[in-house]
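Examination of the molecular architecture
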Amino acid sequence: MAQDTAVPKLSFQYWLNKAVEWGQTTTLESQQDVCLHLPKLQEFLQQIYESLKHMNSTTAIQRFPLIGQLLGRLCWNPFVVGYDESQKTLMWCLCCLYSKEPQNPVDLKANSWILIVLSLVTELKGNQFNGLNIQGRVSDDHVNVVSLFCVPLITLPDVTPLLEALLTYHGGRSQEVLSSEFLEAVNETFLKKKIVLSESAILSLWLRHLPSLEKATLHLFERLISSQTSSLEEVECIIKDSLLIMQILKLMGRGSRGYDASSAKLFMMLFPMYERWFAKPKAACHPAIFRIVDEIFKNALLETGGTPEVMTIIQMFTRCFVQAHQKDNKQHKFPLKAYFPHQHQHLVIALLKHPFDLSATLWSQHLKYITDMLKAIIEDKSIRTYADLFESWFLFVHFGEWADIAVEQLLKSEDESSDTFLWLLAFYYNPHNDKEKRTQILVEARAVYDRLMMLFSCTTLSVTDLQAAASTKTDKRQPCTKHLVRHLLISFLLFSSGGHKIAQEFISHVILASSTTNEVFGLLTRTAYRFNQLGLKDQRAVKLVNELLQELRFTD
């Protein structure tokens, strides 16, 4: 009887209430409360164990009907399990509840759960998963339950080897072995930088669980949109830091190994047009996976109405991806053009040729080549829907550096080239399939361009002169036309003698007084990035860009 009275009922109920309370919230206060109570909890668990070790499992459950609930809740608390002494005592208590000769389904289920918990903790503390390989050692059901059990323990450093072992485990089923809760929790924790996982583990996660790949892409996109980056070099670092690009490239070269049927099924539900690729043995290495990321960017572009900020993010992501692909092309089974399955592959090849890869003297010629192909596609009578037109425009958006080059060339080109470059810019800022509207945009852009060219050689200008050149007789100028005109104005300020002198005044009195500061800042950061990539340092335009950016940062 001494053992029966060793654990007062009030004390038992107190700790059960505490376990429930701790499991309902993960605030800093609740975590501190757990840590504060750990010594007393350890004393209580020791009392429990001293009582249980003298009983069989049936007697123990009769004496403590809620013992399973208490121990279960405590085992799911990472702060309790992370404390060596309480962890050890918990395991002793569980061993006491194990039924050597189970009499009913409840005993069997309890035994199964106890074995899973014990094996998990034993391996964690015993060998720290040095070279752990659980492939073939355990059943798929066992692995599934262990993955669920790991959810509240993900941030514990000792659990990281187990996480990686689970992520690289592939059972004999066609369905996913690991629980979706586990996969989602690991991805969420990784994206928040609360755990560090090897690249191979992240690769396995995104390969076997496409929603995680999608969430990683959205996380990157939201981070780029919300962060107040001061340069495209910073944007480039954020993109590369996300690991997304390198993992996509590894996904392409991995083959079918590790790509389970459930992921393929999900992909076909999202993008049925790629179903034929998943019917092939090496389906997983096809660039179709790249299209998941691309589709997310496309939706963002549609939802935001094609804002310049979103277009710039797509361009920088594409730029980083192409650079990574070209860095070691031997590792990849597909040429770059395969990642952009546009029906006009000659256009894809032309756009993939980056401006920095060509001599500046060839930019104008290459732009004409790109424009001629786009015009032929747009004016093709078989292009009957906006969706067809959008695909060509979306492809061009990936390589928007050529639009920036076009504006620069426009101000330096001969008259015979201006129509070509204006058409390209009108298409970039408004891919409308209404020929009348497109013509109207070109007419307005041409009028502003002609007035700017009349001022281009003037060494003395005023802000009023520039405002007059950009003005319109009506107040019905379309937003897309306004974007185009602002692009022309900023380039005029940078590359003309008179514009150079009034640039800061124009920014201060016109741009800062309007709601276009972010757009102009984006134009200037793209220009600064291009200058830096070309290695330009001492030119007048380079210094002016940096001065204008500094002024806009200061006024932000």
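See the structure printed just above.
Calculation notes
Residues numbered from 1 in each chain as written. Predicted model: local features only at pLDDT ≥ 70, side-chain atom pairs only at ≥ 80, totals over all residues. Heavy atoms only, no water. Helix = DSSP H or I, 4+ residues; strand = E, 2+ residues; numbered from the N terminus. Buried < 20%, exposed > 50% of the residue type's maximum accessible area, 1.4 Å probe, protein only. Expected span 1.5 Å × (residues − 1). Core = buried A, V, L, I, M, F, W, Y, C linked by side-chain atoms within 4.5 Å. Contact = heavy atoms within 4.5 Å. Salt bridge = Lys/Arg side-chain N within 4 Å of Asp/Glu carboxyl O. Axes fitted to C-alpha atoms, helices over the stretch in contact; angles between N-to-C directions. Parallel < 35°, antiparallel > 145°, perpendicular 65-115°, else oblique. Left-handed = near helix turned anticlockwise from the far one by under 90°. Nonpolar A, V, L, I, M, F, W, Y, C, P; charged D, E, K, R; others polar.

Here Phe12 is to be found in helix 2 (residues 9-24). Assessed through its relative accessible area of 8%, Phe12 is described here as buried.

Turning to unusual backbone geometry, a few remarks are in order. Its identity is not glycine, yet Lys193 carries a phi of approximately 60°, on the positive side. Assignment of secondary structure puts Lys193 in the loop between helix 11 (180-191) and helix 12 (199-208).

With that settled, the discussion passes to helix 29 (residues 517-534). Between the first and last C-alpha of helix 29 there are 26 Å, a value that for 18 residues agrees with the 26 Å anticipated at 1.5 Å per step. The element helix 29 is largely enclosed, with a buried count of 13 among its 18 residues. Positive phi shows up at Gly535, right after helix 29, with a value of about 80°.

A general tendency of soluble globular proteins is for nonpolar side chains to be buried together. Core analysis: the largest hydrophobic core is formed by 169 residues, its most contacted members being Phe396 and Trp402. Those residues in contact with Trp402, other than ones at most four positions away along the chain, are Ala350, Leu351, Lys353, His354, Pro355, Leu358, Trp363, His366, Leu367, Ile370 and Phe396.

A separate point is the pattern of salt bridges. Side-chain pairing between opposite charges can occur once the charged atoms of the two side chains come close. Applying the stated criterion across every chain yields a total of 17 salt bridges. Measuring nitrogen to oxygen at the nearest pair gives 3.0 Å for the salt bridge that ties Asp450 to Arg446. Note that Asp450 and Arg446 are positioned in helix 25 (residues 435-455) at a spacing of 4 residues, about one turn of the helix. Assessed through its relative accessible area of 35%, Asp450 is described here as partly exposed. Because the salt bridges share partners, they merge into one network encompassing Lys18, Glu21 and Asp33.

Attention shifts here to the side chain of Arg486. With respect to the helices and strands, the residue Arg486 is situated in helix 27 (residues 479-495). Discounting residues that sit within four places of it in the chain, Arg486 has contacts with Thr516, Glu519 and Leu523.

How two helices pack is summed up by the angle between their axes together with the distance between the axes. Between helix 13 (residues 210-226) and helix 14 (residues 232-241), the least distance of the axes is 10 Å, while the angle of their chain directions is 160°. Classified by the angle between their axes, helix 13 and helix 14 sit roughly antiparallel to one another. As helix 13 runs across helix 14, the sense of the crossing is right-handed. Contacts between helix 13 and helix 14 involve Leu220, Arg223 and Leu224 on the former and, on the latter, Val235, Ile238, Ile239 and Asp241. Looking at the contact of helix 13 with helix 14 residue by residue, the classes come out as 5 nonpolar, no polar and 2 charged.

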